[in-house]
Each structure stands twice: as structure tokens, then as C-alpha cells.
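A structural walkthrough
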Amino acid sequence: MSTKQASFYQSVERNFDKAAALTNHPKGLLEQIKVCNAIYQMNFPVKIGNSYQVIEAYRVQHSHHRLPTKGGIRFSHLVNQDEVMALASLMTYKCALVDVPFGGAKGGVCVSPRKYTEEQLEKITRRYTVELVRKNFIGPGIDVPAPDYGTGSREMAWIVDTYQQLKNGEIDSAACVTGKPVSQNGIRGRTEATGRGVFYGLKEMLSYPNDCKEMGLSPGIAGKTMVIQGLGNVGSYTGTISIEEGDAKVIGVSEIEGTIYNPKGIDIKKLIKYRKEKGSIIGFPGTKKLENRDDWVGMECDILVPAALESQINKKNAKKVKAKIIAEAANGPVTADAEEILLKKGIVIVPDMYLNAGGVTVSYFEWLKNLSHVRYGRIEKRFDQNAYTNLVSTVEKLTGKTISKRERTLLTKGPEEVDLVRSGLEETMITAYGQVREIYKRKKKVKDLRSAAFINAINKVASDYMTLGVFP
Ligand code: GLU
């Protein structure tokens, strides 16, 4: 192993090649699946205060085998072409894996959001959108951005508004971006979606008693200890939902300002509130601070959850990992070099392209909602409610017994939009895990979950190319 760290994109390529070697697809087809189909780098001026700043930005469409392409937009001073290419590639495999019918894409704007005012960020976002429109790199059937690190529903609202100003009268224009505020054609359940998906994914993988035994764990997520790196959107919801709905125990949290731990468990909701008020997680009641922020990697726990940026677990620190499972809530948090070390240690890595696919899955639901121009549940909610009520009343009449008001509400509830979104997400995560696990268990040569996930995704994209007649 050389001492030089592979780039993020090289790491993704290495993982792809490792899995591709275990398939029977022709070389040319595999090459076509692997490469980035379109890379758009832009440099545009934005007036900040009294002077102009040149902003460097990207949109990479990794695969056009299905359209539109899909993937978030990252705002970070670390954005570069290699990173956006890697992230766009992962989007293709992610979408294929969870049967979201899109090609992969990703955008990046090289700015540190904390250094700009809201007004300045709005200017940057709107100008970026104009650049995308000008080059035909955005549209409901072309390429559909979404939030990512450093962006959220606010930025998506600016994007859709800019797009609509330029495309007046386009009936499906709301579907040009997802992750919008609910009041602006967004969908309920999108904000929490990635974290909720991580929870469903972990719950599913821990539901196989024999698999748990092999990892030296008892079945079920309840009582499992977790350490989370990053309290952004993904880390916050992963922690909160795993505690509230899974009874898991978050014993450590790491952020820019440091790492804290409490073996008895940390209340993530309270911690988020605390951080908002104090600007730091340090000093949160009941917790102790680790001497070195980066020591989160080596914390004793069942599940280590990197939920921030790529390459956080690399060949320099991989040896330190003591967790049984690494749950990749972020994209690319474990480098290919680190993975070699971790697999030798018997640590199970739940790959990003599966585990964090909840975001794009619910984005897909939002896109469908926008194209159908109707909220989920609007048509059937009342009908279902009436049907269940009649059923319950009939059973009560026939048995001569009555149930409590609480039970009645529970049994007769018609689905709201958020219920349907969560149900669709859970179904997606369970089905996709089943497929990955099947490959992992059945194919002797497949030694890890990432390769199994890659193989499944590659097979699906390959089959799409063959259906298109590109590779008959
Ligand atoms: N940025 C998210 C991801 O990495 C969501 C993408 C989307 O919803 O299109 O999966």
C-alpha cells in the first residue's frame, strides 16, 4: 500500500472494479457504466458587498441510461471536480439499488455557507440555477437537483423559483428540483428521509438472528450502542429516530468543535437544542469531552455512524475502529484502503449507496407528486377511513363488544401523506436489503456488502443498457 491517499473518485472506481470483476458483463459495457457521461464546470461572478467574486461550481451527470438524472447540490469550500464526480457516480448505483428510475448526478458550489449572508447565498443559488438552465442541465425530465451537505429546503425553494421565472407556463416545472419546502410543492417526510432510511436499513439488517450472531451481536436494534459523527440533517435524524423508534442508545457524538460521550446515552433532541443555543455540543449535561476530536473513530460501540463527509475513515485511522458495524450514513465515509483493513478485522460495513438511499427515495416520491399534481392520500384517505370505520362497527355489532376510542382511532385511520411516504420508504429499504443480502450470502466470491450492493446495481444498469439496445 502506498502512503498516498487515493482520491474519492479513485476510491469509488476501485470499489466498482472490485465488484465488476465478479460479474460477467462485457468490458465495454462496464466501462460505459463506470464513466461520467457529462461534466459541466462553471465559473460565474456574484456581487458580494462592493466587489465581485468568481464562484466555481459543478454539475456532473454520471449516467444517462435513465432520465432524468438525480442528485443533490453541495455547498462547501472543499467542493472540487473529483468529489462531485465520485458523488454523482454513487447516485447512479444508489438509484439502481433502490429501484428509483433515475440516472445519477451531483452538483457542487465551492463556497462555505457560513461565510455568506442569507441574501448572498440566495444570489449565488439563483445564479447557479440560471447557469444550469442555460446549458440545459436542469428540468423535470433532464436533471433534478436536491439538498446535500450545506444546502436544504431553503436553497431548493430559490432554485424552483428561479427555474419557474425562466420557464413560465411549464406545467411540470415544480418537479425540476426536490427537497422543497412543503408549502412550495415539497413532500412531507423528505427532511427526515435519509436519517429515517438509515434507521430502517439498520433495523432490517439486525432482524436476521444468524447474521447478528456472526457479528457477535444480539438481534434487533434495541439497546445497540451508537456513535454518530456529524449532527447535520442525516446524523440528527438517524440518532433521534433510532432512539425514539428503535430504542437504540447513542453514546457518542462528534462535531467540528469536538467529541462528547456518555455511556448511559445522549438525548439527541436535547443536544441539538443545546448546540443551537450555545453554538457547541461541548458541555452538554451528563457528557464528557474526548481529548482528541478525531477519537470518535476508535470509540467502543456496536454501530459507528459516520454521517458527515467522505474519507473520514481512512488508512491512517482505520486500525483504531472497535465497532462491529460501520453504518455509512454519509457518502463515501470509508476509503477503499480503509475498507481493506476493516474487512480483515471482521468489521461489517453497511454501504452508503444502500444505507443513505432514503433521501433520494423520498425525492422520487416528491417528483411523482409534482408530476401528478396531487398530494398523496388526498384521494383515498377519507374513503379508507370510512371503510375501516364500517368494518369496526360491523364487528362490534356482531360480537356485541366495543373497543376503546383510542383503539378505534388507531384501527380506522386513513393514511396521511407522511404515513404513505414512510411506508414507501420502509418497503424500499427492506426490499433493497433483501436483494443485497441474497447476493452476499449466495455468491461465495462476494466477501462484503458493498461489493454485493455494487453487483446488484451494476446488473440493473447493465440490463437497462441492454433494453435500450445500446449493448445488445
Ligand atoms: N443528496 C442526497 C444523496 O446523496 C439526496 C439526493 C436526492 O434526493 O436527489 O442521496
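It should be noted that the structure appears before, not after, this text.
Residues numbered from 1 in each chain as written. Predicted model: local features only at pLDDT ≥ 70, side-chain atom pairs only at ≥ 80, totals over all residues. Heavy atoms only, no water.

1. Re the sheet that holds strand β2 (residues 51-61)
- With respect to topology, five strands assemble into an open sheet ordered β1-β2-β4-β3-β5, the strand pairing being mixed. Edge positions in the open sheet fall to β1 (38-48) and β5 (143-147), since each of these has one partner strand only. Strand-to-strand, the axes of this sheet are offset by a mean angle of 25°, without reference to chain direction.
- In this structure, strand β3 (residues 69-75) lies alongside strand β4 (residues 103-109), joined through five bridges in parallel fashion. Across the sheet, residue T69 finds its bridge partner in β4, namely G103. (Pairing = 2+ DSSP bridges. Helix = DSSP H or I, 4+ residues; strand = E, 2+ residues; numbered from the N terminus. Axes fitted to C-alpha atoms, helices over the stretch in contact; angles between N-to-C directions.)

2. Details of the packing of aromatic side chains
- Taken as a whole, this structure holds twelve aromatic pairs when the rule is applied.
- The interplanar angle of 40° and the centroid separation of 5.8 Å between the aromatic rings of F199 and Y200 together place this pair among those described as tilted. Residue F199 shares its accessibility class with Y200, and that shared class is buried.
- Arranged with centres 6.0 Å apart and planes meeting at 35°, the rings of Y364 and F365 form a pair that is tilted.
- Taking NZ or CZ as reference, R437 lies 3.8 Å from the ring centre of Y208, over its face. (Phe/Tyr/Trp six-rings, centres within 6.5 Å; stacked < 30°, edge-to-face > 60°. Buried < 20%, exposed > 50% of the residue type's maximum accessible area, 1.4 Å probe, protein only. Lys NZ or Arg CZ within 6 Å of the ring centre and 35° of its normal.)

3. Brief notes about the environment of G332
- Tracing the sequence through the fold places G332 in the loop between β11 (325-327) and α10 (336-344).
- Overall, the relative accessible area of 7% leaves G332 in the buried class.
- A C-alpha to C-alpha distance of 8.4 Å links G332 and P351, two positions 19 residues apart in sequence.
- With sequence-adjacent residues up to four places away left out, G332 is seen in contact with F8, L90, E310, S311 and D352. (Contact = heavy atoms within 4.5 Å.)

4. Structural notes on the sheet that holds strand β6 (residues 225-229)
- Strand order in this open sheet of seven strands is β9-β8-β7-β6-β10-β11-β12, and the pairing throughout is mixed. With partners counted over all chains shown, the strands left at the sheet margins are β9 (288-289) and β12 (348-350), one partner each.
- By the bridge criterion, two bridges tie strand β10 (residues 303-306) to β11 in an arrangement that is parallel. Bridging from a neighbouring strand, I303 pairs with I325 of β11.

5. Points about unusual backbone geometry
- P68 follows L67 through a cis peptide bond whose omega is 5°.
- Looking at the secondary structure, you find P68 in the loop between β2 and β3.
- Within the chain, N136 stands out as a residue other than glycine whose phi angle is a positive 60°.
- Within the secondary structure layout, N136 lies in the loop between α4 (118-134) and β5.
- Its relative accessible area of 45% is what places N136 among the partly exposed residues.
- In this model, N185 sits at a positive phi of 70°, which is unusual for a non-glycine residue.
- You can see N185 is positioned in the loop between α5 (153-166) and α6 (193-205).

6. A short note on the nonpolar core
- Counting 91 residues, the largest nonpolar core has I33, L202, M205, L206 and V253 as the members making the most contacts within it.
- Broken down by element, this core gets its largest block of residues, eleven residues, from helix α3 (residues 81-97).
- Ranked by size, the runner-up nonpolar core spans 27 residues in total, among them F44, V46, I159 and V177. (Core = buried A, V, L, I, M, F, W, Y, C linked by side-chain atoms within 4.5 Å.)

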